[in-house]
Amino acid sequence: MSTGIPAATIAAAGPLTRGDFIVQLYWFADTNAVPEVIGIKGLSRLARIALILGEDLGVNRTIQPFFTFHRTPAGGIASPELWTELLALRAYQVLKPLPAGEPMPPEEIEERRYLLEHHIPAHERGHYPLPTQLERDVLTNKGTFFAAKREDQTIQRWVAAFKTVAELNQLPLPALTARAAAMLGSAVVR
């Protein structure tokens, strides 16, 4: 039996979920770039930003279950749950992938292959696509609505931290990796 991405109703009430956290990351990446929507390019970048902000905000204590992060053999950072959540948000039409017009970076390919080989069960691998071109995810109207509602419900410290997403998103991937790797020890499953 397939355990593909299930259908679900999105509600912006109650405690923050993993999906809410990711939508908040996109919200601040997008709204700080008005009128040009930038979004977040690639799962590698998203995993590192999620680790940095998640550790900073104590998400591992407030969102259950929070993402697990794994070191990859090439020194990368990967999270199977984060990939699953990204695909679920696409399926719910909260995020939309757009071609970034550039090839997949080697880090992105290596980290996704690592997840497929070591953390995604063989019978589920068909649900986890390995794109040939780098994809840039952006919020849809539905995603913008829920992110804005969540921003209204989020305490001031969280909003201030989320506002750093646009700045983090501009860092080159090696610099982002260096910042995130320092926090990996407490969030990694070895």
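Please read all numbers here as calculations on a predicted model, not as lab measurements. (Residues numbered from 1 in each chain as written. Predicted model: local features only at pLDDT ≥ 70, side-chain atom pairs only at ≥ 80, totals over all residues. Heavy atoms only, no water.)

K.L.:
Help me out: how do you make sense of the pattern of salt bridges in this one?
P.N.:
Pairing is possible between side chains that carry opposite charge, provided their charged atoms lie close to one another. All chains considered together, the criterion is met by seven salt bridges. Linking Arg-48 and Glu-111 is a salt bridge whose minimum nitrogen-to-oxygen distance equals 2.6 Å. One end of the pair, Arg-48, is in helix α2 (residues 43–57); the other, Glu-111, is in helix α5 (residues 106–118), with 63 residues separating them in the sequence. Taking the relative accessible area as the measure of exposure, Arg-48 reaches 1% and is therefore buried. When the shortest N-O distance is used, the salt bridge between Arg-90 and Asp-137 registers 2.9 Å. Residue Arg-90 is found in helix α4 (residues 80–91), and its partner Asp-137 is found in strand β5 (residues 133–139); the two are separated by 47 residues along the sequence. Salt bridges sharing common partners tie together Arg-90, Glu-135 and Asp-137. (Salt bridge = Lys/Arg side-chain N within 4 Å of Asp/Glu carboxyl O. Helix = DSSP H or I, 4+ residues; strand = E, 2+ residues; numbered from the N terminus. Buried < 20%, exposed > 50% of the residue type's maximum accessible area, 1.4 Å probe, protein only.)

K.L.:
What am I meant to see in the packing of helix α1 (residues 18–31) against α2 here?
P.N.:
Describing two packed helices takes the angle between their axes plus the distance from one axis to the other. Where α1 contacts α2, the two axes come as close as 11 Å, and the packing angle between them is 110°. Classified by the interaxial angle, the pair formed by α1 and α2 is roughly perpendicular. Judged by residue contacts, Phe-21, Ile-22, Leu-25 and Tyr-26 of α1 engage Leu-46, Ile-49, Ala-50, Leu-53, Gly-54 and Leu-57 from α2. (Axes fitted to C-alpha atoms, helices over the stretch in contact; angles between N-to-C directions. Parallel < 35°, antiparallel > 145°, perpendicular 65-115°, else oblique. Contact = heavy atoms within 4.5 Å.)

K.L.:
What is the right way to look at the nonpolar core in this model?
P.N.:
Side chains of nonpolar character tend, in soluble globular proteins, to be buried together. In terms of nonpolar packing, the biggest core is built from 50 residues, with Phe-21 and Leu-25 touching the most fellow members. Sorting the residues of this core by element identifies α1, α2, β3 (77–78), α4, α5, α7 (156–162), α8 (165–170) and α9 (173–181) as the ones contributing at least two each. Not counting residues within four places of it along the chain, the set of residues in contact with Phe-21 comprises Ala-50, Leu-53, Gly-54, Leu-57, Val-59, Ile-63, Phe-66, Phe-67, Trp-158 and Phe-162. (Core = buried A, V, L, I, M, F, W, Y, C linked by side-chain atoms within 4.5 Å.)

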